[in-house]
Amino acid sequence: MNEAMQAKVPVLSAENLSIALPEGGDRPFAVENVSFDVKPNEVVCLVGESGSGKSMIAHAVLSLLPKSIAVASGAVTVARQNPTKLDRRALRRLRGGEAAMIFQEPLSSLNPLKRVGKQIEEMILSHQRPTPSAAEVHERVQQLFTQVGLPNPKLLEKSYPFELSGGQRQRVMIAMAMANRPALLIADEPTTALDVTTQRQILRLIDDLRRDRGMGVLLITHDFGVVADVADRVVVLRHGKVVEQGTVEEVLRHPKEAYTRELIDAVPKARLDDVRHKTIRPESLLEVVGLHKTFRVKRGWLQPPREVVAADGISLTLHEGETLAVVGESGSGKSTLGRMIMRLTEPDGGAIRFNGQDLRQLRGEALRQARKQLQIVFQDPFASLDPRQKVGDAIARGPMAYGTSRAEAMEQAKKLLVRVGLNVVAADRYPHEFSGGQRQRICIARALALKPRVLIADEAVSALDVSVQAQVLALLAELRQEMKLAMIFITHDLRIAAEIADRVIVLRKGRIVEEGATADVFTAPQAAYTRDLLDAIPGRDFFDQPGFASAAGKIPTARMSS
Amino acid sequence: MIRPGSAATVGLMALSRIAQLVAVILVIATFNFVLVRAAPGDPAQVMAGQSGASDPKLLDDLRKEYGLDKPYAVQLASYLGRVITLDLGYSYRQRRAVVDLILERLPATLLLTVTAFCLALLIGTTLGALAGLAAGSVLDTVFTVLSLVLYATPVFWLGLMLVLVFSVTLGWLPPFGYETINVKLSPLERVLDIAQHMIMPVTSLAAIYLAIYARLMRSSIIEVAQQDFIKTARAKGLSGPSIVLGHMLRNALVPVVTVAGMQAGALVGGAVVIETVFAWPGLGRLTFDALLQRDYPVLLGIFLILSIVVIVLNLLTDLIYKLIDPRMTTGAA
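Position numbers for residues count from 1 along each chain, tracking the sequence in the order it is written. For this description, chains carry letters from A and ligands carry numbers from 1, given in the order in which they are written. It should be noted that, the model being predicted, local features are given only for residues of pLDDT at least 70 and side-chain atom pairs only at 80 or more, the latter also being counted only at that level, while totals for whole chains, interfaces and linings use all residues.

**Section: the overall build of chain A**
Just so we agree on the cut-off: By definition, any uninterrupted DSSP run of H or I lasting at least four residues is a helix, any uninterrupted run of E lasting at least two residues is a strand, and each is numbered from the N terminus. Whether a residue is buried, exposed or partly exposed is read from the other C-beta atoms within 10 Å of its own C-beta, which are placed from the backbone; 20 or more gives buried, 12 or fewer gives exposed, and intermediate counts give partly exposed. By definition, residue pairs are in contact when their C-beta atoms, positioned from the backbone, come within 7 Å.
Of the regular secondary structure elements, chain A holds 22 helices and 19 strands. Counting the 562 residues in chain A, one finds 48% classified as buried. Within chain A, contacts between residues at least 6 apart in sequence are counted, and of these 70% link residues at least 24 apart.

What follows is the structure, encoded as structure tokens:
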């Protein structure tokens, strides 16, 4: 970054910003004494775990905070204006005019009942004066679609959000944000809901647009890989306070604070070339042979049903005590595979052999006995526990269903709770009293109560903060040793797979594109698709190389469609 | 590619639903036929009894004449054939064709129910939207209490109270009937006269539905207001009214349309009570009278016609639903 640019007035500056929470919360301020600047043509990352207040700051910039939450002291200055002091009309000019915002979940951020072209037109019409003609607006929308790399703008502008892919939706959001050439783009976890390859494309797009227009970007993220790839400067937040800030190089390479260090260390398997080597014991425990599954989605009359192939001849073997990672992007069929092995989803064809029996042939009591040995932990620890059932009951019900007395099952449940790092008294509490990480521990205890031989973890740590994620992964690794568990670890995060797995299977559209020992897959991938996935992991340049390479300017310019 | 929400897809939808509709009507007609046969006695006995000479010879002749000696399957086929051509039989009580009786009464009932339905929907959703937008305010509380009171009020009681206040005490409105009889009126005066007669029955009939739609719209608006795309709209710098009109209303209407469609049929049922209270010469009254007089052909005819009305209303709801929400045509939502 040159000196002339440094000297420019920041497009956004926060000075001693404090945002008050309503009384009776766990802390008086969501954000306390936060100061930072975003200069033109600069990407500043706000990074922190959930509850750090990073989203609050982003919302305060456009005065979008909920009614009960207000800026208590300090100020935000956006394009020389203080949004809290503006009248309604000036605030509307600021929102979407000088500063635009994109959000985490592009599907819910777009009106589902309005064509995307119309939603962008609205952005132009509400800001530009004199009001441009319909033809001018239309042309501008087409231009924007082209700029954000959306194919076939003519067809696309007539589409509804649900007809687009996740990446296309986020591109529409970006096109909308760019409509009035804002000086500042606020991106609140813009790629968290996207696949890794799409994430890379979107980050590149934001970076390209930033460069073309000299726009300042405030990027909110929890992912240090993303920070390493795109940020010029970083602000690390914890409990609403700035832990440290500086250039990417300073903060990531030479963190001053222990907390920053912890966060960086918690990134699973930062060095991808350094993965576990383990000799696999030959006894196979679970064998899946030629599994097929096609979902048919009914459409309108006269239209053929839409077919989604979730499994197209999947065969795999899981050995005793082995951890097998199944990785793939959304829609690759990885969760369906887990559910089919559990017989929660019925396959169309193929066989699942477990312990010498074909699970697909089992009925009634035999199936019940077999199921006990296969247990699953789901992604969302909030949705997978019954909110009206005490934690102890949730764990004890399984063994009780197989004949253990209630007293004995509760005793076991308490032991398990202690084993997964919780307190005995947790048994008498309800799930809502626990944090996400604690709930996931409860889910693990629940699965282990039946002493399974195979544990299927379906994105079991994906919803957790990075430091909590590291703890849960460590717990699973310990339990695997202790209980001689074989694990199928389903994940979209390749770093997690590298961290925990002995072997890896890469799925794409229901087919296995690559299979092998973790070390082989990560250091010498055979399939082009695997290489794409690996390349797309954010922060590779930073984490993989011993010498630091500045992230700025490292991202090749490419506009790909998703 | 056929675009979801386009006229072509909705047109195809309509065709497929009309085919289903005909099938459903035939099933209902079959059911009706079985009901008639399950009832003791047969039409021949009724007719012979009415003519006052029930000797076996006459019965046999009548049975032969009306095809009652043929197997049930053949009788069913010819009955369904008659239903298709809208031949619903003959009322011996009223000495008229059932079709004529029904067609004569249908307009009055439709006028009453359609007006009540539209008013309930329009006023209900408007009040509900206002209350939802101002959730927690005094206005919201007043609307909520009001709609709860309306919801809890029995339809006939409300009707009687209206008559008591506006006709008996104040004398502002005619207490019953469809129009003033034995008076010469110009066409415009006649319309106004009918409208005046309609005020109280429509109000009584609409009240409960108005309350339901208001409650529903209120919670729907509150829910939509919390959606991410409303935050997007605010971040775009749109004004309050354009957020409400451009983004909230249509989304909030989706659940209201669903419920309104399901209840439109029930509205006709509610009309039976109201038409009795206000001596309104519609299908409701006809049903009530036919029930008391055990006039089976009329009852069966009314049931069939009402089923058709309900099916058509459901079809309309589905089509409207698909026009509002493009996701419905592909089952993607």
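**A word on the overall build of chain B**
Counting secondary structure elements, chain B contains 12 helices and two strands. Looking at chain B as a whole, 32% of its 333 residues qualify as buried. Here the contacts in chain B between residues at least 6 apart in sequence split such that 71% fall between residues at least 24 apart.

**A word on the sheet that holds strand 4 (residues 70-78) of chain A**
Residue and element names in this part refer to chain A. Using the following cut-off: When DSSP locates at least two bridges between a pair of strands, those strands are taken to pair. Whenever a helix is involved, its axis is fitted only over the stretch in contact; in every case the axis is a line through C-alpha atoms, and angles between N-to-C directions fall within 0 to 180 degrees.
In spatial order, the strands read 2-1-4; together these three strands make up an open sheet with antiparallel pairing. Bordering the open sheet on either side are strand 2 (29-38) and strand 4, each of which pairs with just one other strand. The mean inter-strand angle of the sheet, taken between neighbouring strand axes irrespective of direction, is 5 degrees. As judged from the six bridges shared by strand 1 (residues 12-20) and strand 2, these two strands associate in the antiparallel manner. The residue bridging Ala20 from the neighbouring strand is Phe29, located in strand 2. In the packing of helix 2 (residues 54-61) onto the sheet, contacts are made with strand 1, strand 2 and strand 4, and the angle to strand 1 comes to roughly 115 degrees.

**A word on the packing of helix 17 (residues 436-448) of chain A against helix 18 (residues 466-483) of chain A**
Residues and elements named next belong to chain A. As a reminder of what qualifies: By the definition adopted for this analysis, an angle is roughly parallel if under 35 degrees, roughly antiparallel if over 145, roughly perpendicular if from 65 to 115, and oblique otherwise. For any helix crossing, the convention is left-handed if the near helix is rotated counterclockwise from the far helix by under a right angle, and right-handed if that rotation is clockwise. Throughout, the ten residues Ala, Val, Leu, Ile, Met, Phe, Trp, Tyr, Cys and Pro are labelled nonpolar, Asp, Glu, Lys and Arg are labelled charged, and all others, Gly among them, are labelled polar.
Packing of helix 17 against helix 18 leaves a shortest axis separation of 10 Å and a crossing angle of 15 degrees. Comparing their axes, helix 18 and helix 17 come out roughly parallel. In this structure, the crossing between helix 17 and helix 18 has a hand that is right-handed. Facing Gly436, Gly437, Gln440, Arg441 and Leu448 of helix 17, the residues of helix 18 in contact are Val468, Gln471, Val472, Leu475, Leu479 and Met483. For the contact of helix 17 with helix 18, the residue count by class is six nonpolar, four polar and one charged.

**As for the pairing of strand 1 of chain A**
Of the strand pairs in this sheet, strand 1 of chain A and strand 4 of chain A are connected by seven bridges, and their pairing is antiparallel. Residue pairing across strands places Ser18 of chain A opposite Ser73 of chain A, the latter belonging to strand 4 of chain A.

**As for the interface of chain A and chain B**
Facing 28 residues of chain A, the contacting portion of chain B comprises 28 residues. Those elements that place two or more of their residues in the side of chain A that touches chain B are helix 3 (88-94), helix 4 (106-109) and helix 5 (116-125) of chain A.

**Examining the confidence of the model for chain A**
All names here are of chain A. For the record, the criterion: The pLDDT score gives, residue by residue, the confidence of the prediction method on a 0 to 100 scale.
Looking at chain A as a whole, its pLDDT mean stands at 87, while 92% of the residues score no less than 70. In the predicted structure, residues 1-6 sits below a pLDDT of 50 and forms five contacts with residues beyond four places in sequence or in another chain. Contacts of residues 546-562 to residues separated by more than four positions or lying in other chains number 33 contacts, the stretch itself having pLDDT below 50.

**Topic: the nonpolar core**
Residue and element names in this part refer to chain A. To keep it simple, the criterion reads: Note on definitions: a nonpolar core is a set of buried residues drawn from Ala, Val, Leu, Ile, Met, Phe, Trp, Tyr and Cys, linked by C-beta atoms within 7 Å.
The biggest cluster of nonpolar side chains holds 89 residues, and the ones touching the most others in it are Ile57, Val61, Ala175, Leu184, Leu218 and Val227. With seven residues, the top contributor of residues to this core is helix 8 (residues 166-178). Beyond its immediate chain neighbours, meaning those up to four positions away, Leu218 contacts Leu12, Val38, Val44, Leu46, Ala58, Leu184 and Ile186.

**Description of helix 6 (residues 134-147) of chain A**
All names here are of chain A. Note the cut-off: One less than the residue count of a helix, multiplied by 1.5 Å, gives the span that helix is expected to have. Comment: arc refers to directions from the helix axis out to C-beta atoms.
Compared with the 20 Å implied by 1.5 Å per residue over 14 residues, the 20 Å span of helix 6 between its first and last C-alpha is a close match. Considered for burial, the residues of helix 6 that qualify are Val137, Val141, Leu144 and Phe145. Buried residues of helix 6, viewed axially, fall in a sector of 100 degrees; they line one side. Exposed and oriented more than 90 degrees from the buried face of helix 6 are Ala135, Glu136 and Glu139. Next to the buried residues of helix 6 lie helix 5, helix 7 (153-156) and helix 8. Once helix 6 ends, the next one or two residues include Gly149, with phi positive near 75 degrees.

**Thoughts on the confidence of the model for chain B**
All names here are of chain B. Confidence in the prediction for chain B averages 82 pLDDT; 90% of positions are at 70 or higher. Mean pLDDT in chain B bottoms out at helix 2 (residues 43-51), which sits at 63, and peaks at helix 9 (residues 228-235), which reaches 94. We note a pTM of 0.80 for the whole complex and an ipTM of 0.78 for its interfaces.

**With respect to the pairing of strand 13 (residues 349-354) of chain A**
Residues and elements named next belong to chain A. In this structure, strand 10 (residues 284-297) lies alongside strand 13, joined through five bridges in antiparallel fashion. Looking at strand 13, one finds that His292 is bridged to Gly349. Where strand 13 and strand 14 (residues 357-358) come together, two bridges link them in antiparallel fashion. Bridging from a neighbouring strand, Arg353 pairs with Asp358 of strand 14. Linkage of strand 13 to strand 14, two consecutive antiparallel strands, is achieved through a turn of two residues, within which Asn355 is found at a positive phi near 55 degrees.

**Focus on the packing of helix 5 of chain A against helix 6 of chain A**
Residues and elements named next belong to chain A. As a packed pair, helix 5 and helix 6 sit with axes 10 Å apart at the nearest point and diverge in direction by 115 degrees. Between helix 5 and helix 6 the crossing geometry is right-handed. Contacts between helix 5 and helix 6 pair Gly117, Ile120, Glu121, Ile124 and Leu125 from the former with Val137, Arg140, Val141 and Leu144 from the latter. Looking at the contact of helix 5 with helix 6 residue by residue, the class counts come to six nonpolar, one polar and two charged.

**Describing the sheet that holds strand 6 (residues 184-188) of chain A**
Residue and element names in this part refer to chain A. Ordered in space as 5-6-7-3-8-9, the six strands form an open sheet in which the pairing is mixed. The sheet terminates laterally at strand 5 (99-102) and strand 9 (241-247), the two strands that pair on one side only. Within this sheet the neighbouring strands show an average axis-to-axis angle of 15 degrees, counted without direction. Against the sheet, helix 8 touches strand 5 and strand 6, its axis set at about 170 degrees to strand 5.

**A look at unusual backbone geometry**
Residue and element names in this part refer to chain A. For the bond from Arg129 to Pro130, the omega torsion is -5 degrees, close enough to zero to count as cis. Among the secondary structure elements, Pro130 is positioned in the loop between helix 5 and helix 6. Phi is positive for Arg181, which is not a glycine, with a value near 45 degrees. With respect to the helices, strands and loops of the structure, Arg181 is situated in the loop between helix 8 and strand 6.

**Examining helix 9 of chain B**
Along helix 9 of chain B, six of the eight residues are buried, which leaves the element largely enclosed by surrounding structure. Turning to helix 9 of chain B, its buried residues are Phe229, Lys231, Thr232, Ala233, Arg234 and Ala235 of chain B. Taken together, the buried residues of helix 9 of chain B touch strand 5 and helix 4 of chain A together with helix 10 (240-277) of chain B. Where helix 9 of chain B terminates, the next one or two residues include Gly237 of chain B, which has phi positive at roughly 85 degrees.

**Structural notes on the environment of Ser332 of chain A**
Residue and element names in this part refer to chain A. Locating Ser332 in the fold gives a position in the loop between strand 12 (323-327) and helix 13 (334-341). Judged by C-beta crowding, with 22 C-beta atoms within 10 Å, Ser332 ranks as buried. C-alpha separation for the pair Ser332 and Arg511, spaced 179 residues apart in sequence, amounts to 7.9 Å. Those residues in contact with Ser332 that sit more than four places away from it in its chain are Leu507, Arg508 and Lys509.

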